[in-house]
Amino acid sequence: MSEDRVHVLLHASELLTGEGVRRKDGRRPEEADLGRIEDGAMAYSVKTVPYEDFTTGKKGMKVVADKVLWTGKSDALPSEYANSPIFDLDGKNAVVPGLVDCHNHLVFAGDRAGEFAARCGGATYAEIAAAGGGIQTTVRATREASDEELFKLGRARLEEAHRFGIRTIEAKSGYGLNEKTELKLLRVVKRLQEATPEMTIVPTFLGAHDFPKEISREAYLAEVIEKQLPAVAKEKLAEACDVFIDEGFYTLAEGRKILEAAKALGLRTKVHADELANTESAALAAELGALSADHLLKISDAGIRALAASETTAVLLPGTAFYLKAPHAPARKLLDAGARVAISTDFNPGTSTTLNLPAVLTIAALYLGLSRAEIFASATYNAARALGLHDRKGSLEVGKDADFFVAPFRKFEELYYRFAW
Ligand code: NIG
Ligand code: FE
């Protein structure tokens, strides 16, 4: 490999590879699993790819990190990399695996600031939804928005997420609730990925986020299964299919039907599970071999046992519980039972309006009781696992993607010790 096709980071205050977390497949992470290298260094290959500038929108070519070639102590840098471009961090920055935001409703239009004010005045999320607000408010705005508007909104959000150290991010559809708009959203996500090689954007089909008002429940269920899912699979617009199984939304039986249809088309599965009420949907996720069961505020002990015994990652969203003033998920019970736990923003216009994953990690540390090692694993390897990307993402190891975050501080824990930096 020619020397300028390799870049080197030198003198990181600490470099956390996360190798041990990967070896344990994300369960019961401990300090020793962080793979901490003091005065760390990393050599990685780079590639030149097309991109669009975040600020000007101008198209061009850009050099981006490709694969990890070597990690170790700075004074042990192999001589073969000594003449490559070196970024000397002078002991001022920690380097960690790029954060993974594995539950994100990235693309929608409009806002719900008025509904937030109503909630602050005492109205509940369920009352607002029952009155035609909530998800339906955002569906109306999103159906009216042009592709270009949605693309611009998505790009601004990606730029913000990048500043917080996020390098891999999920993008769910779900604010279309008809074939035309659900496909429009996923096509916008595809365009966002083409414009943004600095990040990996993982599309998830969430046509079953709610029921649209203009057709019957049965008709929409049939449309999702017979029209939307096959169209999404045919155009390869999503990696996974998600369903909001909850009181007032999809029943367990409806969710099972949709997820089984998705699996038959070769899609992975995910579930918005046991959030507003216990529906035993976490157990369904485990039974179906879903990538993740997400939310879990109301998960039962049987659900916890089912997840711990399965390959399904428990994705907790404490920013959402905070924003809804709801009791938090039983994180310690899940962790102590041996479940693989990830933490994510759940960025959306109704129940979690932030892309600040580090701030959500602060909530997780304080209110879910996660240790430093658990926090680290939850936003790196375990979140990559929840997207099925753990072979490429989530730890800095030779051969994996060189997705890293040069943090603006010396110690990893400042990521969540400094609240909402
Ligand atoms: O993940 N739980 C379902 N969906 C979103 C909320 C969507 C909305 O209110 O717009 C969530 O919390
Ligand atoms: Fe969500």
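Caption draft 1: Quick look at the coordination of the iron ion (ligand 2). Taken together, His-103 (NE2), His-105 (NE2), His-272 (NE2) and Asp-346 (OD) make up the protein donors of the iron ion (ligand 2), found 2.1 to 2.4 Å from the metal. Motif for the iron ion (ligand 2), donor spacing along one chain: H-x1-H-x166-H-x73-D. Of the two residues, His-272 is situated in strand E10 (residues 268-273) and Asp-346 in the loop between strand E13 (341-343) and helix H13 (357-368); the sequence distance between them amounts to 74 residues. Assessed through its relative accessible area of 1%, Asp-346 is described here as buried.

Caption draft 2: Representation of the sheet that holds E13. Pairing is parallel in the open sheet, where eight strands are placed in the order E6-E7-E8-E9-E10-E11-E12-E13. In this open sheet, the two strands that pair with only one neighbour each are strand E6 (99-101) and E13. If you compare each strand with its neighbour and ignore which way they point, the axes differ by 25° on average. Taken strand by strand, H13 contacts E6, strand E7 (166-172), strand E12 (313-316) and E13, and its axis lies near 130° from that of E13.

Caption draft 3: Quick peek at empty space enclosed by the protein. The full count for this structure, using the stated rule, is three cavities of 30 Å³ or more. Here the largest cavity defines a volume of roughly 120 Å³. Contributing to the lining of the largest cavity are 16 residues, with Tyr-125, His-209, Glu-275, Asn-348 and Thr-351 lying nearest its centre. Across the lining of the largest cavity, the residue classes tally to six nonpolar, seven polar and three charged. Considering only enclosed or pocket space, the second largest cavity measures out at about 50 Å³ in volume. Its residues assigned to classes, the lining of the second largest cavity shows three nonpolar, four polar and three charged.

Caption draft 4: Spatial organisation of unusual backbone geometry. In this model, Asp-39 sits at a positive phi of 50°, which is unusual for a non-glycine residue. Looking at the element boundaries, Asp-39 is found in strand E2 (residues 36-52). Of note in the backbone geometry, Asp-346 takes a positive phi value of approximately 60° without being a glycine.

Caption draft 5: Spotlight on the domain arrangement of the chain. Per the domain assignment, the segments of the chain are domain 1 (3-97 + 408-417) and domain 2 (99-395). Between the C-alpha centres of domain 1 and domain 2 the distance comes to 29 Å. On the domain 2 side, the residues contacting the 27 residues of domain 1 number 35 residues. With both chains or domains summed, domain 1 and domain 2 bury close to 2900 Å², and 58% of this area falls on carbon and sulfur atoms. Among the residues domain 1 hides against domain 2, the three largest losses belong to Arg-27, Phe-54 and Tyr-416. Together they make up 28% of the total. Where domain 1 touches domain 2, the interface holds six salt bridges. A salt bridge links Arg-385 to Asp-25; the shortest N-O distance between them is 2.8 Å. Seen at the junction of domain 1 and domain 2, the total is 16 residue pairs in polar contact (both at pLDDT 80 or more). Mapped onto the side of domain 1 that touches domain 2, the elements with two or more residues apiece are strand E1 (6-16), helix H1 (19-23), E2 and helix H16 (414-417).

Caption draft 6: Molecular detail of helix H4 (residues 135-144). Taken as a whole, H4 has its buried residues at Ile-135, Gln-136, Thr-138, Val-139 and Thr-142. Taken around the axis of H4, the buried residues stretch over an arc of 155°, which confines them to a single face. Of the surrounding secondary structure, the elements contacted by the buried residues of H4 are helix H3 (125-130), helix H5 (147-163), helix H6 (179-195) and strand E9 (240-244).

Caption draft 7: Representation of the nonpolar core in the model. Judged by nonpolar contacts, the single largest core of 101 residues is most densely connected at Ile-258, Leu-296, Leu-307, Leu-316 and Leu-334. Per element, the largest residue contribution to this core is seven residues, and it comes from H6. Residues from two domains meet in this core; each of domain 1 (3-97 + 408-417) and domain 2 (99-395) gives at least three. Apart from residues no more than four positions distant in its own chain, Leu-296 is found in contact with Ala-273, Asp-274, Ala-282, Leu-307, Ala-314, Val-315, Leu-316, Ala-329, Pro-330 and Leu-334. Judged by nonpolar contacts, the second largest core, of 13 residues, contains Met-42, Leu-89, Val-95 and Leu-396.

Caption draft 8: Layout of the packing of aromatic side chains. Counted according to the given criterion, the structure contains twelve aromatic pairs. With a centroid separation of 5.4 Å and an interplanar angle of 85°, the aromatic rings of Phe-376 and Phe-412 are classed as edge-to-face. Residue Phe-376 is located in helix H14 (residues 372-379), and its partner Phe-412 is located in the loop between strand E14 (404-406) and H16; the two are separated by 36 residues in the primary sequence. With a relative accessible area of 3%, Phe-412 lands in the buried category. In textbook terms, an aromatic cluster arises when at least three aromatic residues are bridged by ring pairs, as seen for Phe-164, Phe-405, Phe-409 and Trp-421. Geometry around Phe-108 places Arg-157 over its ring, the cationic atom sitting 3.9 Å from the centre. The residue whose ring lies beneath Arg-191 is Phe-151, and the NZ or CZ to ring-centre distance is 3.8 Å.

Caption draft 9: Expanded view of the state of the cysteines. Following the criterion strictly, the structure yields zero disulfides and no others. Distance from the sulfur of Cys-241, which forms no disulfide, to the nearest cysteine sulfur (Cys-102) is 17 Å.

Caption draft 10: Structural view of the pattern of salt bridges. This structure, assessed with the given rule, holds 34 salt bridges. For the salt bridge of Arg-191 with Glu-148, the shortest nitrogen-to-oxygen distance reads 3.2 Å. Taken together, the positions of Arg-191 in helix H6 and Glu-148 in helix H5 put the pair 43 residues apart, joining distant regions of the chain. A relative accessible area of 31% places Arg-191 in the partly exposed class. Across the salt bridge formed by Arg-256 and Glu-287, the nearest N and O atoms sit 2.9 Å from each other. One end of the pair, Arg-256, is in helix H8 (residues 252-264); the other, Glu-287, is in helix H9 (residues 281-288), and 31 residues separate them in sequence. A relative accessible area of 29% places Arg-256 in the partly exposed class. If you follow the salt bridges from partner to partner, you end up with Asp-25, Arg-27, Glu-311, Arg-340 and Arg-385 in one network.

Conventions we followed
Residues numbered from 1 in each chain as written. Chains lettered and ligands numbered in written order. Predicted model: local features only at pLDDT ≥ 70, side-chain atom pairs only at ≥ 80, totals over all residues. Heavy atoms only, no water. Donors = N, O, S within 2.8 Å, 3.2 Å for Na, K, Ca; no water. Helix = DSSP H or I, 4+ residues; strand = E, 2+ residues; numbered from the N terminus. Buried < 20%, exposed > 50% of the residue type's maximum accessible area, 1.4 Å probe, protein only. Pairing = 2+ DSSP bridges. Axes fitted to C-alpha atoms, helices over the stretch in contact; angles between N-to-C directions. Contact = heavy atoms within 4.5 Å. 1 Å grid on protein atoms, 1.4 Å probe; cavity = no way out; pocket = protein on both sides within 12 Å on 5 of 7 lines; lining within 4 Å. Points joined across faces, edges and corners; volume = space filled by probe spheres on them. Nonpolar A, V, L, I, M, F, W, Y, C, P; charged D, E, K, R; others polar. Domains from an automatic or database assignment. Buried area = accessible area lost by both parts, 1.4 Å probe. Salt bridge = Lys/Arg side-chain N within 4 Å of Asp/Glu carboxyl O. Polar contact = N/O pair within 3.5 Å; in protein donor to acceptor, adjacent residues only side chain to side chain. Arc of directions from axis to C-beta. Core = buried A, V, L, I, M, F, W, Y, C linked by side-chain atoms within 4.5 Å. Phe/Tyr/Trp six-rings, centres within 6.5 Å; stacked < 30°, edge-to-face > 60°. Lys NZ or Arg CZ within 6 Å of the ring centre and 35° of its normal. Disulfide = S-S within 2.5 Å.

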